[in-house]
Structures are given as C-alpha cells and as structure tokens.
Amino acid sequence: MRIGDAKQSYEADEAILTSSTQKIWFALFLFALLLFPFLADAYLLYLGCLVGIAVISTTGLNILTGFTGLISLGQAGFMGVGGFTVAWLSANTALPFPVTLLFAGLLAAAVGILVGLPSLRVKGLYLAIATLAASVFLHFIFAEWESVTGGMGGLSLEPAHLFGLTFQSDFGMYFIIVPLAVLMVLAARNVFRTRIGRAFIAIRDRDISAEILGINLLHYKLMSFALSSFYAGVAGGLFAYFFRVVTPESFPLSMSIFYLAAVIVGGMGNLLGGILGAAFMTLIPEALKLLTAALTPFYPNAPIFMSPMLEIIFGALIVGFLIFEPHGLAEIWHRIRRFFSLWPFKN
Amino acid sequence: MDWLFFGEISLAGLAMGGLYALIGLGFVIIYKATRVINFAIGEIMMFAAYLFLAFAGGMEMSPWVALPLAVLGGSLLGGVIEKVMIRPMLGESSISVVMVTIGIASILVGVVEMIWGADPQLLPSFLPRKPVFIGEMYLAPKIAYGFLIGAALLIIYLLYFRFSRGGVALRATASDQAAAYSMGINVRRVFNLAWVFGSLAASLAGVLVAATGGLSPQFGAIGLSVLVVVIVGGLDSIVGALIAGVFIGWLETVAGAYLGGEYRMPATFAVLAVILIFRPYGLFGTHDIERV
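Since this is a predicted model, take the numbers as computed values, not measurements.

K.L.:
Residue-level account of the overall build of chain A, with values.
P.N.:
Check the secondary structure of chain A and you find 15 helices and four strands. Relative to the compact-globule value of 20 Å for 347 residues, chain A shows a C-alpha radius of gyration of 21 Å, a close match. Its C-alpha atoms give chain A principal-axis dimensions of roughly 60 × 60 × 45 Å. Each of the 347 residues in chain A was classed as buried or not, and the buried ones make up 47%. In chain A, the proportion of contacts linking residues at least 24 apart, taken out of those at least 6 apart, comes to 76%.

Written as structure tokens, this is what we have:
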C-alpha cells in the first residue's frame, strides 16, 4: 500500500507525473513503445499506427466534447480537411512532412473556428446538428471541388519525407505517428494545467456561471474548437500519409460517430480515457476478425455475419457504457489501480 | 423554364414532404414529452419497413394485414427501446442520451443486416398503380397514395392530441412535468406512450417511403433529413414539423431534380445553417430562457 503521498508545493501538486512510481512506469511505457516496432510483426505494426492516429483524433475530440462540453459530429470532416491539405501539398509542393502536417492542423483549426462560430448562439444538440451540417458541407466540397481534391476519385500521395529520408513502410510511419501521438497527448495534458484548460472545464460544467466568472465564452469556445480540429487535422494528415490515398469516402459521418464513441467508451473528460477508448474501439473490429477466422471452420457462414455483428457490438458498447459505466474505461482502470494500491487491504 | 415539369417535381416533392411531416411529427412527440432527441428514428422506420417486407413478402400475407402489423411492430419496438435503454438515462446529460440513441441506431442496422442481408430490396407493391393526374401534372401513384395514407394518420394524430385524454396528458407533461405529476398524470406511462406513438408515425412513414424508393440497411440515413425538418420547424413545435416537413421535402426534390442528386443534402443543410444562425430555436420552437 502506497502512503505518504502528501505534496508540499503547488508545483508538485500540479506536476503531470506526481510520484516517482508514476515516472518509472511512464518511462517503461515509453521504452515499450520504442521497442514495439522491433518486436512486432507487420500486422501488429499496422494496428499500432492505426491506434496512434485514433489516439490523436480522440484526444482532440475529448478536448471539445469531454472537457468543454460541446458535442461535435464534425470530427471526420475536420480530419478530411487535414487529409486533403496534406495530399494537396505533397502533390504540388516539396514540403517535408512536419510542415505539411502543421498546415493540415492549422487549416483544420481555421475551419473549426468557422464551424464553432454558431456555438455562442446555439448549444447542446443544436450545436451538434450545426457540426453535422458542417460535415455535410465539407463532404460536398471534398466530392465536388475536383481541381483541388480530385473529386470522388480522391488523391494519392507520395510517402512522407524529411531531410531526404522517406517514410514508406509502416515501420517508418510508426516513428512519425507514435511520437507525435505521445507529444500531442502530453500537450493536451498541459493545456488543462493552464487558465485556458480550466476555462474549458468551467464552460462544460455551466457555461452561464463561467461567463459570470469572467470567462469570455465565445473566445474560449472557439479556442476549444480550434484546438480540437487542429488535432483532427493532424490526425487526418497522418491518415493520408499512412494510407497514401484520400477520397471523400475516407472520412464518412460514421467516422465522426466512431470518435464520439471512443470518447464515451474511454471516459469523457479524461485524457487517459481517450487513449484507452481509441485503442479499444480500434482493436474491437480486429478482434472480431480474428474470432470470425477462428469460427469459420465450424460455421462457414461466419464471415457474412461479421459486418452486422460489428455494428451491433459497436452500438451495444455505446449504450452499455453509457448506462452501466458512464465514466468509461478510465474508471475501470482507476478501479484496478485502486485495488493494487490498497492491496492487501480491501477497498 | 418548363412550368409543367416544375409543377410535377414540386408536387412529388410536396407529397414526399407530407411523409417528412409525419416523421417529423413522430420525432416532435417524443421530444416534447421526454426531451430526448431521437437519432434512431430513421432506423425505427427501417425496421418497420423490413417487418412489412417479412410479413407481406416472406409470409405472403395480404399487404393490408401486413401494413398494420409492421406499424404495430415498429411502435412496439419504440416502446421497448424507451423502457430498456432510455429510461435508465433519465436525468443524464442530453449528450449522453443522444449518444444512446445513436448506439441504438447502430444496433438496429446490425440486426436488420443480420436477418435480411445487406442487399437493397424492393417492397411488394400494394398501392394502386393507376397514374394520378392533377390538372395536367402527372404524379407517381405510389407517392400520391402514400401521401394520402400519411396525411390521414397525421390528421388522426392532431385530433387525438387535441381532444383525447391521453393527448391532454401528453401535452400537460410536455408543458410542466412536476405539475402533471401532481395532477395525477402517470408521467412514466406518458413517456412510454410518447415513444410508442412517435415510433408508430415513423413506422408508417417508413413503410410508405420504402414502398416508393426501395429498402436497404442504409435506409436510416433518411433520419438526417428528418433532423433538418425538426430543427427548421422547431424541436417542440408540431405545426413547425408539419410546415418544415413539407418545405424540406419540396426543396430536396427540387434541388435533386434541377441541380443533381448530390445537391439534395447540401441544399437542405444550407437552410438548416441559415435557420441555426438567425433563429436558433427554429421557426416555431419555444426559446428557452436559461437561468443559473
């Protein structure tokens, strides 16, 4: 049982990693992430990259929905903005990937601000529907603005490059995606130690009260939109580099719902939850694929049922978590941790 | 400009709009009574339409037996959804409740696909096939008769809510829950009934729409158009749903005919965006005043 956890200064209380145990675990975790691509096979590496992209996007949505309380159905649209920006830049310029990704994030953030503008007048579900409208318009632009986005056929990309190095394989992409994911999650964690992050939380808890406390609602809501869509834009850019092709159908409405589901299943307003949710939701279809493959010798029809089964599991997870575990996987994680930190005593 | 063509398109659009109005009504009933935005309404419509397919196509019942059975099945589904999944969410934030309905939508799509497969299907035709002419304008019979059936149910609903005991209870609950409780109204039952009635309207509209346009597990996407209808009309306004339903149905069809199919959604969502900016609570919705 761990004791003596008292802090003696505000700095210590505010630190991202509060105890030496946490620091050790975190270092081990980073080391494991570094080691992973050398040990994993191609399939696991591919999954690792997918999870990394999902973590970035989910963290972005978590900032907006989980911490600021603004529900958005436009995440896939913002990712699309990022994806097409990267695709266009890599086709028309020779910029290296850090610059294109930055542009992707910034452009997505600009679009996010535009979409967030109604957020002062409308909120809650009306806002969700405004973001839904935005995603419809974005999809329309992706499909129709052929000179830039390539229309329904989309665009294909050259591999990401920097200083003459090209990142063609999943192995290479892993070393772009995962460090970026770690960096962006840490950045998000840092935001919530500042005035900005606390303003977001105040707005979520009660926006009128927050305004009375002197928080400029429009300013901070737009900032939250911008930040969240910046994350989405970067994730979309990575998505483009990873699959090396983007089409309007790469970013469907169901993808927005997927990220909302990841935030909910992981735990709204909890960065760890966002990570767990992103990994969990990304791996569920893969687990189902494995299960189907295992069942096929006994039930030859199993593959036919896989895609509807996935829909059912997806829906049931959303409903089940909301009803039975509203704080999501993060809460389960904390429960497990509490068990070990109190061991051998019962909690 | 060819006015006859415009007239025919408009007429088809208005008839489609009548069905939208019916679905919108179902949506508004649920919202008014329980304050739940039902993203699964398109999927409930789809489920009822597949039930009709099973009864009329698979079991070869007469369509006029299958139609009430399918509608009944759809409304029963609404009641069960409310009891099992919406009731436990009472008092939770509206974001959570909306996400539950999105989850339900996903489950329904999966179930339908599992039972009936993913391929598009045609419903057995049951409406008269004789072309309908209004003046010189031709109107597809399926759409015309679908409109008439939908309009009939709509009128029954409006009369029911105006005059019957259940309708008064529903309106009382909508305007003040606590007062309704203290007047002896069984609010839980009203919640359940609202879902049943809302789903009933949606189910009938689902079968009628599927009869004109075919049916597939993606059919539920029509829920997005309905969402536009109820936001433009005002979430808690029945009159709003009727007017906006007809208008959006018309706009969608006209935009589709003149600009091309890919403009249907952007056209209606543009109206939605304008409404959200200038009248955020819809044309006829009540503007809630918030206090700390």
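So, next bit.
K.L.:
Give me the lowdown on the overall build of chain B, citing residues and values where you can.
P.N.:
Of regular secondary structure, chain B possesses eleven helices and two strands. Of the regular secondary structure in chain B, the N- to C-terminal order runs α-α-α-α-β-β-α-α-α-α-α-α-α. Against the 2.2 N^0.38 benchmark of 19 Å for 292 residues, chain B shows a C-alpha radius of gyration of 19 Å, consistent with a compact globule. Taking all 292 residues of chain B together, the buried fraction comes to 53%. Once local pairs closer than 6 in sequence are excluded, the contacts in chain B between residues at least 24 apart make up 76%.

K.L.:
Tell me about the nonpolar core, residues and numbers included.
P.N.:
Ranked by internal contacts, the top residues of the largest apolar core, which has 211 residues, are Ala 261 and Ile 318 of chain A together with Ile 23, Met 45, Ala 49, Phe 52 and Val 207 of chain B. For this core, the element with the most residues is helix α8 (residues 187–213) of chain B, which contributes 17 residues. Sequence-distant contacts of Phe 52 of chain B, that is, excluding residues within four places in its chain, are made with Ala 66, Leu 67, Ala 70, Leu 123 and Val 207 of chain B.

K.L.:
Describe the interface of chain A and chain B, and please don't skip the residues or the numbers.
P.N.:
If you look at the interface, chain A gives 37 residues, while chain B gives 34 residues. Looking at the side of chain A that touches chain B, the elements that each hand over two or more residues are α6 (125–144), α10 (207–212), α12 (253–266) and α14 (302–324) of chain A. With 13 residues, the top contributor of residues to the side of chain A that touches chain B is α14 of chain A. Residues of the side of chain A that touches chain B, tallied by class, amount to 29 nonpolar, four polar and four charged.

K.L.:
Describe the packing of helix α4 (residues 75–92) of chain A against α6 of chain A, and please don't skip the residues or the numbers.
P.N.:
All names here are of chain A. Orientation of α4 relative to α6, taken along the N-to-C sense of each, is 30°, at an axis distance of 9 Å. The orientation of α4 with respect to α6, classified from their angle, is roughly parallel. You can see that α4 and α6 cross each other, and the crossing is left-handed. Together, Ala 76, Gly 77, Gly 80, Val 81 and Phe 84 of α4 and Ala 134, Ser 135, Leu 138, His 139 and Phe 142 of α6 make up the contact between the two elements. Residue composition of the contact of α4 with α6, grouped by class: six nonpolar, four polar and no charged.

K.L.:
Provide a residue-level description of the confidence of the model for chain B, including the pertinent values.
P.N.:
Confidence along chain B averages 85 in pLDDT terms, with 99% of residues attaining 70 or more. The secondary structure element of chain B with the lowest average pLDDT is strand β1 (residues 132–134) of chain B, at 73, and the one with the highest is helix α3 (residues 63–86) of chain B, at 90.

K.L.:
I'd like to hear about the environment of Phe 284 of chain B, residue by residue, with values.
P.N.:
Residue and element names in this part refer to chain B. Checked against the element boundaries, Phe 284 lands in the segment after α11 (264–278). The partly exposed category is assigned to Phe 284, around which 19 C-beta atoms lie within 10 Å. Sequence-wise, Phe 284 and Met 137 are 147 residues apart; in three dimensions their C-alpha atoms are separated by 32 Å. Contacts of Phe 284, omitting those with residues within four sequence positions, involve Gly 233, Gly 234, Ser 237, Val 239 and Gly 240.

K.L.:
If you had to explain unusual backbone geometry to someone new, which residues and values would you point to?
P.N.:
Leaving glycine out, the prevailing phi sign among residues is negative, and the prevailing peptide bond configuration is trans. Even without being glycine, Arg 244 of chain A reaches a positive phi, approximately 65°. Among the secondary structure elements, Arg 244 of chain A is positioned in the loop between α11 (217–243) and β4 (245–246). We note that Arg 35 of chain B has phi near 60°; this positive angle belongs to a residue other than glycine. Exposure remark for Arg 35 of chain B: the 14 C-beta atoms within 10 Å place this residue in the partly exposed category.

K.L.:
Can you tell me about helix α10 (residues 238–259) of chain B, naming the residues and giving the values?
P.N.:
Residues and elements named next belong to chain B. Taking 1.5 Å of rise per residue, the 22 residues of α10 would be expected to cover 32 Å, and the 31 Å separating its terminal C-alpha atoms lies within 8% of that figure. In terms of burial, α10 is largely enclosed, as 16 of its 22 residues are buried. Trailing α10 by a residue or two, Gly 260 shows a phi angle of about 115°, which is positive.

K.L.:
Go over helix α5 (residues 97–116) of chain A with me, naming the residues and quoting the values.
P.N.:
Residues and elements named next belong to chain A. With 20 residues, α5 extends 28 Å from end C-alpha to end C-alpha; this agrees with the ideal 28 Å at 1.5 Å per step. Those residues of α5 that fall on the buried side of the exposure criterion are Phe 97, Thr 100, Leu 101, Ala 104, Gly 105, Leu 107, Ala 108, Ala 109, Val 111, Gly 112, Val 115 and Gly 116. Check the buried side of α5 and you find it contacts α4, α6, β2 (160–162), α8 (170–191) and α11.

K.L.:
Pulling in residues and values, what's your account of the environment of Gly 79 of chain B?
P.N.:
Residue and element names in this part refer to chain B. Relative to the helices and strands, Gly 79 is located in helix α3. Separated by 115 residues in the primary sequence, Gly 79 and Ala 194 have C-alpha atoms spaced 8.4 Å apart. The contact partners of Gly 79, leaving out residues within four places of it in the chain, are Asn 192, Trp 195 and Val 196.

K.L.:
An account of the packing of helix α2 (residues 41–58) of chain B against α3 of chain B is requested, with residue identities and associated values reported.
P.N.:
All names here are of chain B. Between α2 and α3, the shortest axis-to-axis distance is 8 Å and the interhelical angle comes to 145°. Crossing angle aside, the handedness with which α2 passes α3 is right-handed. Where α2 abuts α3, its residues Ile 44, Phe 47, Ala 48, Leu 51, Phe 52, Phe 55 and Ala 56 lie against Pro 63, Ala 66, Leu 67, Leu 69, Ala 70, Val 71, Gly 73, Gly 74, Leu 77 and Gly 78.

K.L.:
Report on the environment of Ser 254 of chain A, specifying residues and quantitative values.
P.N.:
All names here are of chain A. Mapping Ser 254 onto the fold places it in helix α12. Overall, the presence of 12 C-beta atoms within 10 Å leaves Ser 254 in the exposed class. A sequence separation of 229 residues divides Ser 254 from Trp 25, and the C-alpha atoms of the two residues are 35 Å apart.

Here is what the cut-offs are and how they apply
- Residues numbered from 1 in each chain as written.
- Chains lettered and ligands numbered in written order.
- Predicted model: local features only at pLDDT ≥ 70, side-chain atom pairs only at ≥ 80, totals over all residues.
- Helix = DSSP H or I, 4+ residues; strand = E, 2+ residues; numbered from the N terminus.
- Rg over C-alpha atoms; globule rule 2.2 N^0.38 Å.
- Buried ≥ 20, exposed ≤ 12 C-beta atoms within 10 Å, placed from the backbone.
- Contact = placed C-beta atoms within 7 Å.
- Core = buried A, V, L, I, M, F, W, Y, C linked by C-beta atoms within 7 Å.
- Nonpolar A, V, L, I, M, F, W, Y, C, P; charged D, E, K, R; others polar.
- Axes fitted to C-alpha atoms, helices over the stretch in contact; angles between N-to-C directions.
- Parallel < 35°, antiparallel > 145°, perpendicular 65-115°, else oblique.
- Left-handed = near helix turned anticlockwise from the far one by under 90°.
- pLDDT = per-residue confidence, 0-100.
- Expected span 1.5 Å × (residues − 1).

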